[in-house]
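# Remarks on the overall topology
Chain residues, written in single-letter form:
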Amino acid sequence: AADVICYQARITALAAYHAFLPISAASERALRKRFAFADSVLVAHSGVADPLPPSIGSGAAPASDLPERFIIVPTGGDPRKNLLVVIAAEAFNRSYGEQSHSIVVVGHLTDKQRKAVRKLSRRAGLSEADVLFRSDVAAPDLAAIYRQAVLCAVPSFAEGFSIPLAEAVHRGTAVVASDIPAHRELLGAGPWLAAPWSVVDMARAIRTTIRSRQTVLRSQQEALGDKARPDAVRSRIIALLTQLLRMP
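For clarity, every value in this text was computed on a predicted model and none was experimentally measured. Starting afresh in each chain, residues are numbered from 1 along the sequence in its written order. Local features in a predicted model are, by the rule used here, given only for residues with pLDDT of at least 70; side-chain atom pairs are given and counted only at 80 or more, and totals for whole chains, interfaces and linings are based on all residues. Side-chain metrics rest on all non-hydrogen atoms present in the structure, leaving aside hydrogens and water.

### Section: the overall build of the protein
Threshold: Helix and strand definitions follow DSSP, with helices as H or I runs of at least four residues and strands as E runs of at least two, each counted in order from the N terminus. Only C-alpha atoms enter the radius of gyration, while the globule expectation follows 2.2 Å times N to the 0.38, with N the number of residues. In what follows, residue pairs with any heavy atoms lying within 4.5 Å of each other are defined as contacts. The Shrake-Rupley method, run with a 1.4 Å probe, gives the accessible areas here. Residue values count only the displayed protein chains as cover. A residue counts as positive if it is Lys or Arg and as negative if it is Asp or Glu; His and the chain ends are not included. Here the site of a charge means NZ on Lys, CZ on Arg, CG on Asp, or CD on Glu.
Counting its secondary structure elements, the protein contains 10 helices and 8 strands. Relative to the 2.2 N^0.38 estimate, which gives 18 Å for 248 residues, the radius of gyration of the protein is 20 Å and therefore close to what a compact globule would have. By its C-alpha atoms, the protein is 65 × 45 × 30 Å across when sized along the principal axes. A sequence separation of at least 24 residues applies to 69% of the contacts in the protein between residues at least 6 apart. Surface accessibility of the protein: about 12,900 Å² in total, with carbon and sulfur atoms responsible for 56%. The average position of the 30 basic charges and that of the 22 acidic charges among the side chains of the protein differ by 3 Å.

What follows is the structure in structure tokens.
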């Protein structure tokens, strides 16, 4: 109850602010549903800065303990991240004769959650070696894992932005993602988007994206633009703060 009251107080207080830096247009739309902005309010989409080392010229060497062909799923214990649909989609594709891929899960899951993932994997016909877990991965190592991956899957039910999506695209790895407003904004509409609740649709998106990875990647890089470039994010924030300081 205390958390609910605190959250509601913060939402109510938003109406008193003079400037907003939503991380995406999708976040701005959600914010505007809460209350009407005054005419004097400043709004700019900041984006979110990619926190990993640049894609070229730095980063760790390829990890020797990873499979030859794998899909990276950056996730955590929050059910909103929807990890299980990717595992089920991989099993679905294998059942129709598609090339097999391991799943490398990067992020913190509890022991109980890992056991649940392994249980579903076995039921779907995947071996224990098909699903690997990596937690507390250093930034250079994570950048290297992205570059090694055949594909990055981001199947969340909801996001305001998606840092893993930007991390993957900046490292030259095509992305399959859930068809939600933030992902459409960052990647553009295309066959790489799938209904997050549909195993069949996620499997279809994985198949089609893998078959034309470079073409998909170029489209995604163009759609993402500078939304996650650290210098561009910094410039947008500074520009809004400069306007704010000039206000009476």
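### Looking at the packing of helix 6 (residues 163–170) against helix 9 (residues 213–224)
Definition in use: The axes used here are C-alpha line fits, helices contributing only the stretch in contact, and every angle between their N-to-C directions lies in the interval 0 to 180 degrees. Here the angle decides the label: under 35 degrees means roughly parallel, over 145 means roughly antiparallel, 65 to 115 means roughly perpendicular, and every other value means oblique. Note on convention: the crossing is left-handed when the near helix lies turned anticlockwise from the far helix by less than a right angle, right-handed when the turn is clockwise.
Following both chains from N to C, one finds helix 6 and helix 9 inclined at 125°, their axes separated by 10 Å at the closest point. Regarding the angle of helix 6 to helix 9, the classification is oblique. Helix 9 is crossed by helix 6, and the crossing has left-handed handedness. For the pair helix 6 and helix 9, the contacting residues are Ala 166, Val 169 and His 170 in the first and Leu 217, Gln 220, Gln 221 and Leu 224 in the second.

### Remarks on the nonpolar core
Defined as follows: Take the buried Ala, Val, Leu, Ile, Met, Phe, Trp, Tyr and Cys residues and link them wherever side-chain atoms come within 4.5 Å; each set so joined is a nonpolar core. For the exposure calls, accessible area comes from a 1.4 Å probe over protein chains only, and a residue counts as buried if that area is under 20% of its type's maximum, exposed if over 50%, partly exposed in between.
Within the largest apolar cluster, 56 residues are counted, with the highest numbers of intra-cluster contacts made by Ile 72, Ile 103, Val 131, Leu 151, Val 175, Leu 187 and Ile 206. No other element matches helix 3 (residues 83–95), which puts 6 residues into this core. Ignoring any residue separated from it by four or fewer positions in sequence, one finds Leu 151 in contact with Phe 70, Ile 71, Ile 72, Thr 173, Ala 174, Val 175, Val 176, Ile 206, Thr 209 and Ile 210. The next biggest cluster of nonpolar side chains, apart from the first, holds 5 residues, and it includes Phe 20, Leu 31, Phe 35 and Val 41.

### Quick word on the side chain of Asp 50
Stated formally: Nitrogen and oxygen atoms within 3.5 Å of one another constitute a polar contact, given that in protein one can donate a hydrogen and the other can accept it, and given that sequence-neighbouring residues count only through two side-chain atoms.
On the secondary structure map, Asp 50 appears in the loop between strand 2 (42–43) and strand 3 (70–74). Residue Asp 50 is classed as buried on the basis of its relative accessible area, which comes to 8%. A polar contact is formed between the side chain of Asp 50 and the backbone nitrogen of Leu 52, at a distance of 3.0 Å. Looking at Asp 50, its side chain comes within polar contact range of the side chain of Arg 171, at 2.9 Å. When neighbours within four sequence positions are excluded, Asp 50 is seen to be in contact with Ala 166, Glu 167, His 170, Arg 171, Ala 228 and Pro 230.

### A short note on the environment of His 108
Here His 108 is to be found in the loop between strand 4 (102–106) and helix 4 (111–124). Once you skip the residues sitting within four places of it in the chain, His 108 turns out to touch Thr 75, Gly 76, Gly 77 and Ser 135.

### Points about helix 1 (residues 2–13)
Note the following rule: In this scheme, a helix's expected span is set at 1.5 Å multiplied by one less than its residue total.
Taking 1.5 Å per residue, 12 residues should reach 16 Å; helix 1 reaches 17 Å between its end C-alpha atoms and fits that length. With 1 of 12 residues buried, helix 1 lies mostly on the surface of the structure.

### Observations regarding the pairing of strand 6 (residues 151–154)
Counted only if it meets this: Between any two strands, at least two bridges found by DSSP are needed for them to pair. By convention, orient the strands away from the viewer: a clockwise path from the first strand over the helix to the second makes the crossover right-handed.
Burial of the side chains of strand 6 extends over both faces: Leu 151 and Ala 153 are buried on one face and Cys 152 and Val 154 on the other. The pairing of strand 3 with strand 6 spans 2 bridges and is classified as parallel. Bridge pairing links Ile 71 to Leu 151 in strand 6. Here strand 6 runs beside strand 7 (residues 175–178); their pairing, made up of 3 bridges, is parallel. Counterpart to Val 154 in the pairing with strand 7 is Ala 177. Each parallel crossover has a hand, and the one from strand 6 via helix 6 to strand 7 is right-handed.

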